[in-house]
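Remarks on the overall topology
Chain by chain, the residues run as shown.
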Amino acid sequence: CLASTEGHQPSTRKDDLLIHGLSEKIVGVLGGGQLGRMLCQAASEMAIKVAVLDPLESCPASAIAYDHVVGSFHDSATVEEFAKRCEILTIEIEHVDAATLEKLEQDGVDCQPKASTVRIIQDKYLQKVHFSRHGIPLPEFMQIDDLEGAKRAGDLFGYPLMVKSKRLAYDGRGNAVAKTAEDLSSAVAVLGGFERGLYVEKWAPFIKELAVIVARGRDNSVLCYPVIETIHKENICHIVKAPASIPWKIQRQATDIAYKAVSSLEGAGVFAIELFLTRDGQVLLNEVAPRPHNSGHHTIESCYTSQYEQHLRAVIGLPLGDPSMKTPAAIMYNILGEEEGERGFRLAHQLIGRALSIKGAAIHWYDKPEMRKQRKMGHITIVGSSLGNVEAQLNALLSEEGRDCQ
Ligand code: ATP
Ligand code: MG
Ligand code: MG
């Protein structure tokens, strides 16, 4: 038996597949938040080894990762050291040091997706420039460097005007709306001033927000998940409905844009494409995440291959799995922190307690050590026979809690 002669050393033999797990390669993930945790969960089902790099000792992925290195994914030396332990390097957050990834790639480290993709995506302005150059429809946008420039943009695009930080944006932290020209200076101040690097976007008069998860394998095979609808509250993803109830033509348009956007980027993995659907039937790109995404949580219960399993398959080079839905409908509800501290935990646990007795509901709790307002603490996915059915189930759950589903 080869395994016994080789002890516990990882082997590079071609017939490993027959002897050991699906892959002997250690997949290193920069970031150990909830997305990293769910990647580890998918990995454990296939006996794939996932190591995470995260500064928080008790980060969500730490309890189930094959290995957790406590350290910053912003720090070049730490990332380089971490990369030595892994055969493939991937991300669960795009706000990592792109220059280090570029250097590692030059040294032969296998980064998926590629460092060039991370560099483009992590700067939302650069991202917009990139996608517009590739002919992808998106809201008009413009860099702003001073108040005069912001006013010129306001004159051009009208109000309300969306002011955004170029970098380090997530959950709407990095967005400020100026309702009139008088609001511009406070919007800029809220975002930390022009030194932060700001740009503006023309207001997208959307009737729905849509998203498509796209997977690309190392062999460049591409598969798209069904188009879903996201409902945001105060700029944070609140509810996801799968599939989106939209005409076939819009589904086609959304999928085509998502495919085109991913085709313009390099590397394997799953990508999430956030879109706006306007009243006049236009589909515009909002932004792309080069990793598993909140809008794809539902795929764990509702699709043949979850986005997490798919990401691992893609970066390792295994064949991609079937992205289609195995249930007619699913709805995902993000459990966001309502209050700080103990009271916040109590409120979330009450909701979970009730969800436990709902047919078709699956509960995900990320085990974050601290409760903060608007922080993503967990989610609930309900699968069922129709969108009407799962929406009704969620409404019943939330109305008893005094919340609402819209
Ligand atoms: P995420 O957590 O998805 O990374 P983010 O902080 O990067 O969020 P965006 O996706 O840019 O923020 O914006 C958050 C939400 O704000 C969008 O989902 C949408 O509801 C709203 N929004 C963003 N841009 C515009 C726009 N140009 N016009 C109207 N609404 C917008
Ligand atoms: Mg974003
Ligand atoms: Mg977004």
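The structure this text deals with has already been given above.
Below: a short report on this structure. (Residues numbered from 1 in each chain as written. Chains lettered and ligands numbered in written order. Predicted model: local features only at pLDDT ≥ 70, side-chain atom pairs only at ≥ 80, totals over all residues. Heavy atoms only, no water.)

In this section: the nonpolar core. Membership of the largest hydrophobic core comes to 28 residues, with the highest contact counts inside it found for F131, L210, I273, L275, L285 and V288. Of all the secondary structure elements, the ones that give two or more residues to this core are α6 (115–122), α7 (124–133), β10 (206–216), α10 (248–263), β14 (269–278) and β15 (283–289). Ranked by the residues each element gives to this core, the list is headed by α10, at six residues. Every residue in contact with L210, bar those within four places of it in the chain, is listed here: V227, I228, E229, T230, A244, I246, I250, A254, I273, E274, L275 and L277. (Core = buried A, V, L, I, M, F, W, Y, C linked by side-chain atoms within 4.5 Å. Buried < 20%, exposed > 50% of the residue type's maximum accessible area, 1.4 Å probe, protein only. Helix = DSSP H or I, 4+ residues; strand = E, 2+ residues; numbered from the N terminus. Contact = heavy atoms within 4.5 Å.)

With that settled, consider the packing of helix α5 (residues 98–106) against α6. For the pair α5 and α6, the least separation of the axes is 8 Å and the interaxial angle reads 170 degrees. The angle between α5 and α6 falls in the class roughly antiparallel. Between α5 and α6, the residues in contact are A98, A99, L101, E102 and E105 and A115, V118, R119 and Q122, respectively. The residue makeup of the contact of α5 with α6, split by class, is five nonpolar, one polar and three charged. (Axes fitted to C-alpha atoms, helices over the stretch in contact; angles between N-to-C directions. Parallel < 35°, antiparallel > 145°, perpendicular 65-115°, else oblique. Nonpolar A, V, L, I, M, F, W, Y, C, P; charged D, E, K, R; others polar.)

A few words on the packing of aromatic side chains. This model, assessed by the stated rule, comprises four aromatic pairs. Look at Y125 and Y199: their rings are 5.9 Å apart centre to centre, the planes differ by 55 degrees, and that puts the pair in the tilted class. On the criterion of sequence distance, the pair formed by Y125 in helix α7 and Y199 in strand β9 (residues 198–202) is long-range, its members being 74 residues apart. Ring plane angle 65 degrees and centroid distance 6.3 Å describe the contact between F345 and W365, whose orientation is recorded as edge-to-face. (Phe/Tyr/Trp six-rings, centres within 6.5 Å; stacked < 30°, edge-to-face > 60°.)

Attention now moves to the side chain of K166. With respect to the element layout, K166 can be found in the loop between β7 (161–165) and β8 (175–178). We note that K166 is buried and unpaired, the nearest opposite charge coming from D123 at a distance of 5.3 Å. Here Q143 takes part through its side chain, which lies 2.7 Å from a polar atom of the side chain of K166. (Lys, Arg positive; Asp, Glu negative; His and termini not counted. Salt bridge = Lys/Arg side-chain N within 4 Å of Asp/Glu carboxyl O. Polar contact = N/O pair within 3.5 Å; in protein donor to acceptor, adjacent residues only side chain to side chain.)

Within the first shell, the magnesium ion (ligand 3) binds the protein through E274 (OE), E274 (OE) and E287 (OE), at distances of 2.0 to 2.7 Å. Here the magnesium ion (ligand 3) and the magnesium ion (ligand 2) are spaced 3.8 Å apart, linked through E287, which binds each one. Here E274 is found in strand β14, whereas its partner E287 is found in strand β15, with 13 residues between them in sequence. Summarising the burial analysis for this pair, E274 and E287 share the class buried. (Donors = N, O, S within 2.8 Å, 3.2 Å for Na, K, Ca; no water.)

It is worth spelling out the sheet that holds β9 at this point. As summarised here, the arrangement of the four strands in space is β6-β9-β7-β8, forming an open sheet in which the pairing is antiparallel. The outermost strands of the open sheet, each flanked by one partner alone, are β6 (141–144) and β8. Sheet twist, expressed as the mean angle between neighbouring strand axes with direction ignored, is 30 degrees. Sheet analysis places β7 next to β8, joined by four bridges and oriented antiparallel. Paired with K164 across the strands is N175, a residue of β8. Strand contacts of α7: β6, β7, β8 and β9, with the helix running at about 145 degrees to β6, the strand carrying the most contacts. Packed onto the sheet, helix α8 (residues 147–157) meets β6, β7 and β9 and runs at close to 165 degrees relative to β6. (Pairing = 2+ DSSP bridges.)

Time to look at the sheet that holds strand β5 (residues 110–111). Whether parallel or antiparallel, the strands of a sheet pair through hydrogen bonds between backbone atoms. Read from one edge of the open sheet, five strands run β3-β2-β1-β4-β5, paired in parallel fashion. Both outer strands of the open sheet, β3 (67–70) and β5, are each paired with one neighbouring strand and no more. In terms of strand pairing, strand β2 (residues 49–54) meets β3 through four bridges, oriented parallel. Within the sheet, the bridge partner assigned to L53 lies in β3 and is V69. Helix α12 (residues 307–316) contacts β1 (26–30), β2 and β4 (88–91) of the sheet and is inclined by roughly 145 degrees relative to β4.

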